[in-house]
Amino acid sequence: MNKQRVYIETYGCQMNVADTEIVKGILSRSGYSFTENAELADVILINTCAIREHAEERIYGRLGAFRTIKKHNPDLVVGILGCMAERLRKQLIEEEQVVDLVAGPDEYRRLPELIDTALVGEKGIAVRLSKTETYDDIEPYREDGISAWIAVMRGCDKFCTFCVVPFTRGRERSRPLMSIVDEVKELTRRGFKEVNLLGQNVNSYRDGEYDFADLLAAVAKVDPTMRVRFITSHPQDFSDKLIHTIAEYENICNYIHLPIQSGSNRILELMNRTYTVEHYLERVETARKIIPGVSFSTDIIAGFPTETEEDHQMTLEILRKVRFDGAFMFKYSPRERTKAFEMGDDIPDEVKTQRLNEIIELQQKISYEINQDLIGKVVEVLIEGFSKKSKDFYMGRTDTNKIVILPKEDLEIGDYCVAKIIRANSATLFAEKAEKLERSNRITKYAEV
Ligand code: SAH
Ligand code: SF4
Ligand code: F3S
């Protein structure tokens, strides 16, 4: 009966991207349709992130824009979903006139009811966290495409002292292995070429006797022409079994995102990361031995409470030692309720900025050098879409998660091809002469020409 049109904006990590598909699955079941245009919507939902203060500031900015739309359309319902909804709860409704409903990450089943209530003028709030909710029976609403995301677990029990996620997403819980495998089968049937398994710490995945390596192997077996990626791994739980599984299956991508956060053992301890720099280096070394050509990326936080210049130098040193292919680098942002919040925020902003800039500059130099070494080599690329800058070129990715811009030739989106790299910067490879590759000819390592 319901013909309301919903517009959704998504911020934050891939988990939110996957959650938005769940939300759309729930809403389409209840008869809602979707629009890409906020001005045509009856309901606007924002799936939010709370990881750093800046993430929340952006959302407040968007609320300003929705306030303007609501002036022209007073019946419009505006809802906040996701981690910021969970963190700020009632405060959002009380302080932001424009907000009609607030729903945390484990309450999306109640959205149809909350929206109906809001449509008759009553504000609603649902922020209970669950120990069991995985939305396992909900079919995510996905457009056809090349790459799909599946949340295989939710929540986080690690309680790193800087991090708000255990508070916004609650306790760890996993989806059953068989239902994930069934979903992957359906994705191959629909022509998807890549699946990304998601979790805040995928290494904690558990379904009875099955661990994450078992899940990865089971997913890889579904279709050998389908790429399998996964994020995020935690250095403490990154097991030999997992490393061997990645090596064993050709379609499990040789790319590992392994956040280190700091190069100083003193800071790592204050962060409650539960590993040392030495342990981290040993894991990287082992993986590089067993999976030749594997690429690594990481996350770094600059300016954690009490971080000295010496600690900072140790972070730069670890970047030089590991030589990551890429990194996500952040200024420390204090979050209420976390342990680190109580440690104060004693590093002045100018110092954080200075350190962050040094980290970024060094990492870009390293990424640039690593990519320069690929010039003249042939890489295997899965074509994902058009280049952002020109429809005459395609954009694809190597197995090692590097972005490649390549000429269209007679290739199609979704094809695997081999391409010769002729130019590179720190973020992108540029190729000439791409040639279609049947799966049976796939190469995994870089070939010399
Ligand atoms: N689960 C993943 C990542 C979660 S958030 C993991 O364990 O690594 C992604 C990244 O945001 C983190 O790795 C961390 O580098 C950064 N981050 C989290 N909280 C932060 C904070 N309070 N200030 C700055 N960066 C933060
Ligand atoms: Fe946050 Fe740590 Fe959990 Fe990652 S592992 S989500 S950084 S608490
Ligand atoms: Fe942000 Fe929540 Fe993801 S805080 S990073 S959207 S888990």
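Small disclaimer: the values here were computed from a predicted structure and weren't measured. (Residues numbered from 1 in each chain as written. Chains lettered and ligands numbered in written order. Predicted model: local features only at pLDDT ≥ 70, side-chain atom pairs only at ≥ 80, totals over all residues. Heavy atoms only, no water.)

A. Quick look at the site of ligand 3. In the vicinity of ligand 3, the contacting residues are Cys13, Asn16, Cys49, Ala50, Ile51, Cys83, Val165, Arg169 and Gln200. For the shell around ligand 3, the per-class residue count stands at six nonpolar, two polar and one charged. (Near = heavy atom within 4 Å. Nonpolar A, V, L, I, M, F, W, Y, C, P; charged D, E, K, R; others polar.)

B. Summary view of the pattern of salt bridges. Counting across every chain of the model gives 42 salt bridges. Two residues, Asp42 and Arg5, come together in a salt bridge whose shortest N-O distance is 3.9 Å. Linking Asp42 in the loop between strand E2 (33-34) and strand E3 (43-48) with Arg5 in strand E1 (residues 5-10), this pair joins segments that are 37 residues apart in sequence. For Arg5, a relative accessible area of 36% gives the class partly exposed. For Arg89, the salt bridge identified is with Glu86, shortest N-O distance 2.8 Å. (Salt bridge = Lys/Arg side-chain N within 4 Å of Asp/Glu carboxyl O. Helix = DSSP H or I, 4+ residues; strand = E, 2+ residues; numbered from the N terminus. Buried < 20%, exposed > 50% of the residue type's maximum accessible area, 1.4 Å probe, protein only.)

C. How the structure looks around the sheet that holds E2. Spatially, the six strands line up as an open sheet ordered E2-E1-E3-E4-E5-E6, and their pairing is parallel. Where the open sheet ends on each side, the last strands, each with one partner, are E2 and strand E6 (124-126). For E1 and E2, the ladder comprises two bridges, and the chain directions are parallel. Pairing of Arg5 across the sheet is with Ser33, part of E2. Contacts from helix H1 (residues 14-29) reach E1, E2, E3 and strand E4 (77-81), with the element oriented near 170° to E1. Against the sheet, helix H5 (residues 111-119) engages E3, E4, strand E5 (101-103) and E6, with an angle of about 170° to E5. (Pairing = 2+ DSSP bridges. Contact = heavy atoms within 4.5 Å. Axes fitted to C-alpha atoms, helices over the stretch in contact; angles between N-to-C directions.)

D. The arrangement of the site of ligand 2 in detail. Neighbouring residues of ligand 2: Cys156, Lys158, Phe159, Cys160, Phe162, Cys163, Val165, Pro166, Gln200 and Arg273. Considered class by class, the residues forming the shell around ligand 2 number seven nonpolar, one polar and two charged.

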